[in-house]
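Breakdown of the fold
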Amino acid sequence: EELSYRLVNWGGSSFTLDDGRLPEPGSESWIKSLKTPPLDHQDELSRVDFEEYVDRLVESNFWKPDNSSNHNRVALEHISFELLSEGIQVIFFSPPVHPDFLLSLPHGHWDNFNSSRDELSENYQFIDWTWELWEEDNFTDPHHFSDSGRMKICNDLVPEIEGIIGG
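In this report, the structure presented in the accompanying data block is examined.

How each quantity is defined
- Along every chain, residues carry numbers that run from 1 in the direction the sequence is written.
- With the structure being a predicted model, the display of local features is reserved for residues of pLDDT at least 70 and the display and counting of side-chain atom pairs for 80 or more, all residues being used for whole-chain, interface and lining totals.
- No hydrogens and no water enter the side-chain calculation; it runs on all heavy atoms of the structure.
- Numbering of helices and strands runs from the N terminus, with a helix taken as a DSSP run of H or I at least four residues long and a strand as a DSSP run of E at least two residues long.
- The rule is simple: take the accessible area with a 1.4 Å probe, protein chains only, and divide by the maximum for that residue type; under 20% is buried, over 50% is exposed, in between is partly exposed.
- Should any heavy atoms of two residues lie within 4.5 Å, those residues are considered in contact.
- Patch members must show over 30% relative accessible area and no salt bridge, and they are joined within 9 Å when carrying like charges or within 5 Å when they are nonpolar side chains of Val, Leu, Ile, Met, Phe, Trp or Tyr.
- Using the Shrake-Rupley algorithm and a 1.4 Å probe, accessible areas are obtained, with residue cover drawn only from the displayed protein chains.
- A side-chain nitrogen of Lys or Arg and a carboxyl oxygen of Asp or Glu constitute a salt bridge if their distance falls within 4 Å.
- A residue counts as positive if it is Lys or Arg and as negative if it is Asp or Glu; His and the chain ends are not included.
- By convention, the point assigned to a charge is CZ for Arg, NZ for Lys, CD for Glu and CG for Asp.
- Note on pairing: two strands pair once DSSP finds at least 2 bridges between them.
- Definition of nonpolar core: a set of buried residues of the types Ala, Val, Leu, Ile, Met, Phe, Trp, Tyr and Cys, connected through side-chain atoms within 4.5 Å.
- Here, the arc refers to the directions that run from the helix axis to the C-beta atoms.

A few points about the overall build of the protein
Within the protein, the secondary structure is distributed over seven helices and four strands. What you see in the protein, going N to C, is helices and strands ordered as α-α-α-α-β-α-α-β-β-β-α. The buried share of the protein, taken over its 167 residues, is 26%. In the protein, 64% of the contacts between residues at least 6 apart in sequence involve partners at least 24 apart.

Considerations on a negative patch on the surface
Negative charge collects at one region of the surface, where Asp 49, Glu 52, Asp 55 and Glu 59 lie side by side. Here Asp 55 lies in helix 3 (residues 47-59). In this structure Asp 55 comes out as partly exposed when scored by relative accessible area, which is 42%.

Focus on the pairing of strand 1 (residues 91-94)
Residues Phe 92 and Ser 94 point to one face of strand 1 and are all buried, whereas Ile 91 and Phe 93, pointing to the other face, are not buried. Across four bridges, strand 1 lies against strand 2 (residues 125-128) in parallel orientation. Across the sheet, residue Phe 92 finds its bridge partner in strand 2, namely Phe 126.

Re the nonpolar core
If you look at the biggest cluster of nonpolar residues, it comprises ten residues: Phe 50, Tyr 53, Val 54, Leu 57, Val 58, Val 97, Phe 101, Leu 102, Leu 105 and Trp 110. Looking at this core, the elements that each hand over two or more residues are helix 3 and helix 5 (99-104). Ignoring any residue separated from it by four or fewer positions in sequence, one finds Phe 50 in contact with Leu 45, His 98, Asp 100, Asp 141 and Pro 142. Ranked by size, the runner-up nonpolar core spans seven residues in total, among them Ile 127, Trp 129, Phe 139 and Phe 145.

Remarks on helix 6 (residues 111-120)
Within helix 6, the full set of buried residues consists of Asn 114, Ser 116, Arg 117 and Leu 120. Along the axis of helix 6, the buried positions cluster into a sector of 160 degrees, meaning they face one direction only. Those residues of helix 6 hidden inside the fold are in contact with helix 4 (71-85), strand 1 and strand 2.

Dropping the structure here:
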């Protein structure tokens, strides 16, 4: 993202923008933001608004790539290859989504995701909780976690990662 910004803006850095992204790596404010990241506090959605939001997500292409050679997949493979070439173990993690969203997905909606997961699992470790049905109170909306959801991820994910890396 930073490289693209610099190319388009003749070398200017996007880290000078106050747009919610992390400050420049290594700076004092960067370290502080890693320790206490800014949270986007959202107003609670009414049940009707929430259901409309879920419907929009199900109908959108954001959660449904056209094929396994989409830009995100290509970028993911490139980043993973670069990490591996530096001796860094790569573990993919696909977190659960809100049960209303998960149960609203039509059959076959995530076939390309499943295909990508299967292909990536041939070369990388993959922790897939996508299809786990978590309680609604673990989410603030269809794909963001509440405080209790974030704690559940941390508590449940650490043993899985330790099992993979031999912690």
